[in-house]
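Coordinate inspection notes
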2 protein chains.
Amino acid sequence: MKIVRPTLLLDKQRCLKNIEQMSEKAKRNELIFRPHFKTHQSIQIGNWFRDFGVKQITVSSVQMAQYFAAAGWKDITIAFPFNQLEIEDINKLAEKINLNILLIHPESAVFLEKQLKHEVGVLIKIDCGYHRSGILAENTNEIDELVNAISQVGKLNLKGFLTHSGETYHAYSPKQIHAIHEMTKYILKLLKERYLSQFPNLIISIGDTPSCSLEDNFSGIDEIRPGNFVFYDVMQLKLGVCFAEQIAVAVACPVVSKNKKRNEITIYGGGVHLSKEFLLSRDRIQKFGLVVELSENGWSAPLDGMYVSSLSQEHGTIKVPFGKLDQFQIGDVIGILPIHSCMTANSMGEYLTLDGEVLEHL
Amino acid sequence: MKIVRPTLLLDKQRCLKNIEQMSEKAKRNELIFRPHFKTHQSIQIGNWFRDFGVKQITVSSVQMAQYFAAAGWKDITIAFPFNQLEIEDINKLAEKINLNILLIHPESAVFLEKQLKHEVGVLIKIDCGYHRSGILAENTNEIDELVNAISQVGKLNLKGFLTHSGETYHAYSPKQIHAIHEMTKYILKLLKERYLSQFPNLIISIGDTPSCSLEDNFSGIDEIRPGNFVFYDVMQLKLGVCFAEQIAVAVACPVVSKNKKRNEITIYGGGVHLSKEFLLSRDRIQKFGLVVELSENGWSAPLDGMYVSSLSQEHGTIKVPFGKLDQFQIGDVIGILPIHSCMTANSMGEYLTLDGEVLEHL
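All values derive from a computational prediction rather than experimental measurement.

**A short note on unusual backbone geometry**
Residues and elements named next belong to chain B. The residue Glu-30 is not glycine, and still its phi comes out positive at about 50°. With respect to the element layout, Glu-30 can be found in the loop between helix 1 (12–28) and strand 2 (32–33). Of note, the phi angle at Asn-263 is positive, near 50°, even though the residue is not glycine. As for its position among the elements, Asn-263 is in the loop between strand 11 (249–259) and strand 12 (264–268).

Laid out in structure tokens, this is it:
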């Protein structure tokens, strides 16, 4: 297939390998594997998980839950704080599938007592240190209050505690990720012990790709919900969470201009394609993507010293090392490894596999 | 209309006023008004410009040109470096409409000599100091070479010189924007004088919203191509380019959680809705949007001391001033003024006017 404009390439083999590895780790550790589908948001890619025995999934919006429910998924956790304004759609979903929602506030239980028409599972969102949302694990009074409020609503089935250790994305080393993981396990273990006699089937669910990829000890954990691992990206590469050969997506971008004085290439490929996510290098340089050479069978390792240095709406600027500019011609197509593949996939809206198959994105 | 999830609200009256003001300024200064439609990318909003006599437009991709050509626009400049890989679509467009393309490199003229099937207008992209793309205005040898290459291709009609003073977006004050505008005019005046005897109909086209909004002297300029002014945004507000009452879009977001200890609100509204654009305050705090109160007739001025402090894929976190948290309840819907409205509109994909009309986005 001829590429003439920014196109999100997907290496299906790498993707399947990523799924296989995570699925095997889950089996080895006797964990429920409930992958987060917000990264790919694709019915076809979702279907690839079925071959690995996956029947339970995670999403981050009611719309995603509707999309995957329509594709036959029957057990879905919406890992986003319950939004009472969407109760109508939640009721429709709960009629058809096993739906789990996330609660943080007792007033949501009160609201649901009046409005909920079908049974749903509930996970209490616990904040183990990321401080985005959820109840701080140490605030057992607040947790007690919410547990009681949930217990009083017949249609709410308390399933367990869920956390997202998103601070692993800001770690400086795999060692720091390990420390966060150990702390998270310890905090959740105490919590489980506190409530286990009252709720013997209580599960503990964790979700971040860095911990799930790097760690091997999940004692006390019952479920993992990683999402990003399906594609990985430059952020995970820099964290030491994946190898470059595991990154399964690249945006193919036409070269439209060259500047000899600044040793730069201009590509057709901007913020609306890659998203505006960037990483800061140690010397405080913003990098919006790494550059790879495309071939029939995929793409090369990231090219040394090359990176996307800025993004406008449709333009990207690539810094080229001294003496290498002549290797790139106007009309060439080069590949960009995204900083954050979830955001890039969401911006691009569809995938092209190396075999030429087009896959949809919600 | 009931809002239950992130929704891009459009204040049509503000939008029409923004269009009217820019259109009048163009008339007053006898400038061709060729607005950039990349900001709204909407057939319906595009149609609003027709009442102000607009017949010529700017876009930033071949796909946008196709979209607006299909909606009846007959004179379109693609203000993006010519991408030779899209020659097939460019040929189809040039058959039907007056199409202008942007050239930087003589080899593109050589390519077009062989591949172009219909006449197109050409603008030479000049770099007046933004250093994204284009030929540096002082490199007259390079410009001569390109002018000659263009002259040798029968189907290429040299129309003029085009620049985008994007550095005005990084200015620290309206005074600095003024200085950039004056320098740009001076540079382009010299250039026009150099080529006017050879090409008496040569035009000079400038485009940035900051200059076009703030400046009143356009001597030597023939055409303006601002885009962002149709909505404006927090970036333009902070630059002193617009007033808050001119910002014509806001993302309505449900409140899904509150945190008393951190004085924060969690909203349903993340990077996939607002885009990850942010501004750094003087004390180096990242702000991903300002907060407004929504009402039947639109929204309030930005609420003092409140801002979006971080964005995940679907979550947003809002910092609330001390003592104000009780004013916000779970289930409320609040408005976020975007940092960069072009990116937000592109992420959201459609508009809801205050009258309840849904407008499309490419």
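Moving on from the model shown.
**Focus: the packing of aromatic side chains**
In total, this model carries 25 aromatic pairs over all chains according to the counting rule given. Plain terms: the ring middles of Tyr67(B) and Phe68(B) are 4.9 Å apart, the flat faces sit at 75° to each other, and that makes the pair edge-to-face. Of the two residues, Tyr67(B) and Phe68(B), both sit in the buried class. Here a set of aromatic residues connected by ring pairs shows up, and it is made of Phe33(A), Phe37(A), Phe49(A), Tyr67(A), Phe68(A), Trp73(A) and Phe229(A). Over the ring of Tyr307(B) we find Lys287(B); its NZ or CZ atom is 4.7 Å from the centre of that ring.

**Some details on the relation of the copies chain A and chain B**
In screw terms, the move from chain A to chain B is a rotation of 180° and a rise of 0.0 Å along the axis, fitting with an RMSD of 0.0 Å. This pairing of chains is accounted for by a two-fold axis. Relative to the rotation axis, the C-alpha of Lys276(A) is the closest in chain A, positioned 2.8 Å from it.

**Points about the domain arrangement of chain A**
Residues and elements named next belong to chain A. Domains assigned within chain A are domain 1 (13–230) and domain 2 (244–360). Computed over C-alpha atoms only, the centres of domain 1 and domain 2 are separated by 33 Å. With 15 residues of domain 1 at the interface, the matching set in domain 2 holds 15 residues. Looking at the side of domain 1 facing domain 2, the largest losses of area belong to Arg-14, Thr-39 and Gln-44, adding up to 44% of the total buried there. Taken together, the links from domain 1 to domain 2 amount to 0 salt bridges. Seen at the junction of domain 1 and domain 2, the total is 11 residue pairs in polar contact (both at pLDDT 80 or more). Of the residues that constitute the side of domain 1 that touches domain 2, the class distribution is 6 nonpolar, 8 polar and 1 charged.

What counts, and at which threshold
Residues numbered from 1 in each chain as written. Chains lettered and ligands numbered in written order. Predicted model: local features only at pLDDT ≥ 70, side-chain atom pairs only at ≥ 80, totals over all residues. Heavy atoms only, no water. Helix = DSSP H or I, 4+ residues; strand = E, 2+ residues; numbered from the N terminus. Phe/Tyr/Trp six-rings, centres within 6.5 Å; stacked < 30°, edge-to-face > 60°. Buried < 20%, exposed > 50% of the residue type's maximum accessible area, 1.4 Å probe, protein only. Lys NZ or Arg CZ within 6 Å of the ring centre and 35° of its normal. Least-squares fit on C-alpha atoms with pLDDT ≥ 70 in both. Domains from an automatic or database assignment. Contact = heavy atoms within 4.5 Å. Buried area = accessible area lost by both parts, 1.4 Å probe. Salt bridge = Lys/Arg side-chain N within 4 Å of Asp/Glu carboxyl O. Polar contact = N/O pair within 3.5 Å; in protein donor to acceptor, adjacent residues only side chain to side chain. Nonpolar A, V, L, I, M, F, W, Y, C, P; charged D, E, K, R; others polar.

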